[in-house]
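These are the residues of each chain, in order.
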Amino acid sequence: MTRSFAHRNLAMFAALAVVIAVLAPTALHAESWYIAASANASGNAGTNWRTDVRIINTSDEDASVRIYLLRNGANNGSLDDFVDVDVPEMGQILIQNILNTRFNYSGTGALLVESDDCGIIVTSRTYNQVPGGTYGQFIPGISAEDAVFPGETGHIVYLSKSPEYRSNLGWVNTVSSPGVVTVTLFDASGAVIGIRESPVQPRGQSQINDVFAWVGAPPHIVARATVTATVPLISYASVVDNRTGDPVAVLAVLAPTEPADLLLAGVARASGVGMSLWRTDLRILAPGPSGGVVTLWYHPKNQEVTSPASRTFNMAPGELLALDDVMASAFGMDQANGGLRITANFPLLVLARTY
């Protein structure tokens with residue numbers, strides 16, 4: 001049986017930056033949700049991390065929900081650390097700084113949210129709290145059915161290490177048995193730059209700070225990773241701006257099998273409210289054994305266009321194409337606001353960050 005696993009990663013910054021993974025849609029409803037990363041802790045470079053959780057009930061009956069804390073670096077197989085909450089029919093609840101207010105816990109970990117009601121949807125935001133505001137990343141709840149299972153490969157399209165950025169990588173085990181995870185880093189050309197294995201505890205959660213150093217890889221501005229394991233895992237990366245503590249969450253996804261015809265609903269090169277200046281960076285990965293021509297089609301906002309502007313690129317198998325400030329670098333536009341259609345006769349994984 002072929003499974004499809006996809007999601008949209010939205011990094012909510014103080015300036016509302018957005019990360020979108022352009023893939024097939026995942027199921028919205030599940031009985032067990034995993035939030036792969038949560039925090040109530042101080043971090044590197046003066047960061048101060050908190051996690052808020054929002055639970056939405058789409059059914060017409062009240063829902064009883066149990067939330068388990070899966071502590072970082074611990075054996076959580078017994079699932080004995082939990083709180084119960086009720087969510088009203090067609091309503092939602094917001095639990096701010098959940099690790100502190102509900103678990104009285106300082107540290108990091110994952111959260112398992114369970115309910116007999118299949119109308120539950122779970123989301124979270126983990127953010128750096130600084131004077132005057134927050135910088136944060138949206139981390140969706142992922143169904144246990146959408147984990148990367150043994151024999152499958154999860155792809156993390158966006159990693160970077162430079163004076164400006166650092167990258168952390170983590171995972172949560174969705175079963176109560178131990179295993180082993182293998183993380184492999186690649187440069188933009190698809191060459192392996194580092195690989196390492198690690199034990200995985202029962203329902204264990206781990207985060208590797210500076211994954212480049214952990215696998216023995218040198219800094220790379222453009223890089224990616226694959227994650228495989230002997231147990232089902234939900235894996236993620238958090239790419240952090242060293243200057244602001246502003247993070248981008250990127251979840252591991254399975255490679256598609258069909259030729260690409262993808263829509264990136266929002267791209268920009270434009271001035272915004274409050275003297276903001278919006279730009280879109282693009283990452284395109286050819287994850288399979290095939291390569292060829294990739295075409296980008298620009299569709300401007302609120303305009304009927306019969307012949308949209310287009311650009312083509314040749315990609316080799318395993319190549320990661322980085323197009324920073326894509327509307328300027330690829331299309332030569334000083335002002336742009338609209339969408340991109342991305343097509344190829346082979347599968348692609350695409351991720352964009354608008355900031």
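Residues numbered from 1 in each chain as written. Predicted model: local features only at pLDDT ≥ 70, side-chain atom pairs only at ≥ 80, totals over all residues. Heavy atoms only, no water.

Enquirer: Sorry if this is basic, but what is going on with the nonpolar core here?
Expert: For soluble globular proteins, the rule of thumb is that nonpolar side chains tend to be buried together. If you look at the biggest cluster of nonpolar residues, it comprises 37 residues, and the most contacted ones within it are Ile 55, Val 65, Ile 67, Leu 70, Ile 98, Phe 103 and Leu 111. Top contributing element to this core by residue count: strand β4 (residues 63–71), with six residues. Excluding residues that lie within four positions of it along the chain, Ile 98 makes contacts with Thr 51, Val 53, Ile 67, Phe 103 and Leu 111. Formed by 35 residues, the second largest nonpolar core is a distinct cluster that contains Ile 156, Val 215, Ala 229 and Leu 351. (Core = buried A, V, L, I, M, F, W, Y, C linked by side-chain atoms within 4.5 Å. Buried < 20%, exposed > 50% of the residue type's maximum accessible area, 1.4 Å probe, protein only. Helix = DSSP H or I, 4+ residues; strand = E, 2+ residues; numbered from the N terminus. Contact = heavy atoms within 4.5 Å.)

Enquirer: In this structure, what is going on with the pattern of salt bridges? I would like to understand it.
Expert: Where charged atoms from two side chains of opposite charge approach closely, those side chains can pair. Applying the stated criterion across every chain, the model contains eight salt bridges. With a closest N to O distance of 2.8 Å, Asp 261 and Arg 341 form a salt bridge. With Asp 261 in strand β19 (residues 261–271) and Arg 341 in strand β24 (residues 336–344), this residue pair connects regions lying 80 residues apart in the sequence. Overall, Asp 261 belongs to the partly exposed group, its relative accessible area being 48%. When its relative accessible area of 35% is taken as the criterion, Arg 341 is described as partly exposed. Arg 269 is the salt-bridge partner of Asp 325, the closest N and O atoms lying 3.0 Å from each other. Taken together, the residues span a long stretch of sequence, with Asp 325 in the loop between β23 (320–323) and α3 (326–329) and Arg 269 in strand β19 at a distance of 56 residues. (Salt bridge = Lys/Arg side-chain N within 4 Å of Asp/Glu carboxyl O.)

Enquirer: Looking at this structure, I do not really get the side chain of Ser 198. What am I missing?
Expert: Within the secondary structure layout, Ser 198 lies in strand β14 (residues 192–200). For Ser 198, a relative accessible area of 15% gives the class buried. When near neighbours in sequence (up to four residues on either side) are disregarded, Ser 198 contacts Trp 171, Gly 179, Val 180, Val 181 and Trp 214.

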